[in-house]
Amino acid sequence: MDAAGRELLLRVLVAPRGALAEAGGIAPVEDLTLQTSTATRGDLAFKAHQRISTLDVPVAMTGGSITDYPFDAYGADVEFAAVMGHEKVPVRVLFSNNDVLFSSTVEASTTGDGAAVLDIGLARSNSVLVFAVFMMIAMWALAVSVLIGGYYLVTRRKGLTWPALGWMAATLFALAAFRNTAPGTPPIGCLLDYLAFLWAEILIAFCLITVVVTGIRAEPPAAEGAGVEAA
């Protein structure tokens, strides 16, 4: 699943059965055409008596946007109808999902002429949702920790406490690297950023600047060199 391009890649394996097949079901007895819906890029043709190989069929997904990550969801209606020897033959479809980043739901039905219709829904898998929510909670926890530490330094007038400043600066830059570990590599500007990452970065940067400014003002002035008189 390419969430950015809203495209699903179906790996299709056609297997004729019964009187429609030869060589154990790996080749059709006549020219076979697998007609697809407008969500795909065209029909699939298989020559008579030739071994059928798997084909990758891109399917355009509707609804949803990757900017809604990690709560983005997509859907598509795909129809498969088979024609052999200028006559329609019934179709049976088995669907399996091998994308660990998405969970799928499929509602299958058949039409009066034997075509199979799939109503496919895709959403982020539970593991992705759990990790993304954990990331947002961790970002806010780190930002609040920096806020509490900055409040302590400012109210106690601790001056330029370099270990604390180093920790704040490290947190500011570490959050960016942490955010980039989100599964599925969501783009900057997705919902995860507006719910946690960007706010956490702003809060930490504000605390860091405030602590530095107040720390400089709280630092004692440099002592002037005192003259020493020789006896």
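Quick notes on the rules
- Residues numbered from 1 in each chain as written.
- Predicted model: local features only at pLDDT ≥ 70, side-chain atom pairs only at ≥ 80, totals over all residues.
- Heavy atoms only, no water.
- Pairing = 2+ DSSP bridges.
- Helix = DSSP H or I, 4+ residues; strand = E, 2+ residues; numbered from the N terminus.
- Buried < 20%, exposed > 50% of the residue type's maximum accessible area, 1.4 Å probe, protein only.
- Salt bridge = Lys/Arg side-chain N within 4 Å of Asp/Glu carboxyl O.
- Patch = residues over 30% accessible without salt bridge, like charges linked within 9 Å, V, L, I, M, F, W, Y side chains within 5 Å.
- Areas by Shrake-Rupley, 256 points an atom, 1.4 Å probe, with all protein chains shown as cover.

S.K.: Where do I start with the pairing of strand β9 (residues 102-110) in this structure?
M.R.: Successive residues of a regular strand alternate their side chains across the two faces of the sheet. Relative to strand β10 (residues 116-124), β9 runs antiparallel, the two being bridged by nine bridges. Residue glutamate 107 lies in a different strand from β10, and its bridge partner there is aspartate 119. What sits between the antiparallel neighbours β9 and β10 is a turn of five residues, in which glycine 114 has the positive phi angle 90°.

S.K.: Got a minute to help me understand the pairing of strand β7 (residues 73-84) in this structure?
M.R.: For β7, the buried fraction is high: nine of the twelve residues fall into the buried class. Two strands pair when backbone bridges link them, and strand β4 (residues 32-36) and β7 are joined in this way by five bridges, in the antiparallel orientation. In the strand pairing of β7, threonine 33 is matched with valine 83. Direction of pairing for β7 relative to β10: antiparallel, over a ladder of eight bridges. Along β10, the bridge assignment pairs alanine 73 with alanine 123. One ladder, built from three bridges, connects β7 with strand β8 (residues 87-89); its direction is antiparallel. Looking at β8, one finds that alanine 82 is bridged to valine 89. In sequence, β7 turns back onto β8 through a hairpin of two residues, with glycine 85 there showing a positive phi of about 60°.

S.K.: Even after reading the chapter, I still don't get the pattern of salt bridges, so can you show me in this structure?
M.R.: Oppositely charged side chains can form a pair if their charged atoms are brought close together. Overall, the coordinates contain four salt bridges when judged by the stated rule. For lysine 88, the salt bridge is made with aspartate 113, and the minimal N-O distance between the two is 3.3 Å. Taken together, the residues span a long stretch of sequence, with lysine 88 in strand β8 and aspartate 113 in the loop between β9 and β10 at a distance of 25 residues. For lysine 88, a relative accessible area of 44% gives the class partly exposed. For arginine 179, the salt bridge is made with aspartate 193, and the minimal N-O distance between the two is 2.8 Å. You can see arginine 179 sitting in helix α2 (residues 162-179) and its partner aspartate 193 sitting in helix α3 (residues 191-218), a full 14 residues away along the chain. Take aspartate 193: its relative accessible area is 0%, and that puts it in the buried class.

S.K.: I tried to follow a nonpolar patch on the surface on my own but got confused; where do I start?
M.R.: Residues Phe71, Val133, Ile137, Leu191 and Leu195 make up a contiguous nonpolar surface patch of roughly 420 Å² in combined accessible area. Looking at the nonpolar patch, the elements that each hand over two or more residues are α1 (126-155) and α3. As for its placement among the helices and strands, valine 133 is situated in helix α1.

Read these as spatial facts, not as claims about activity.
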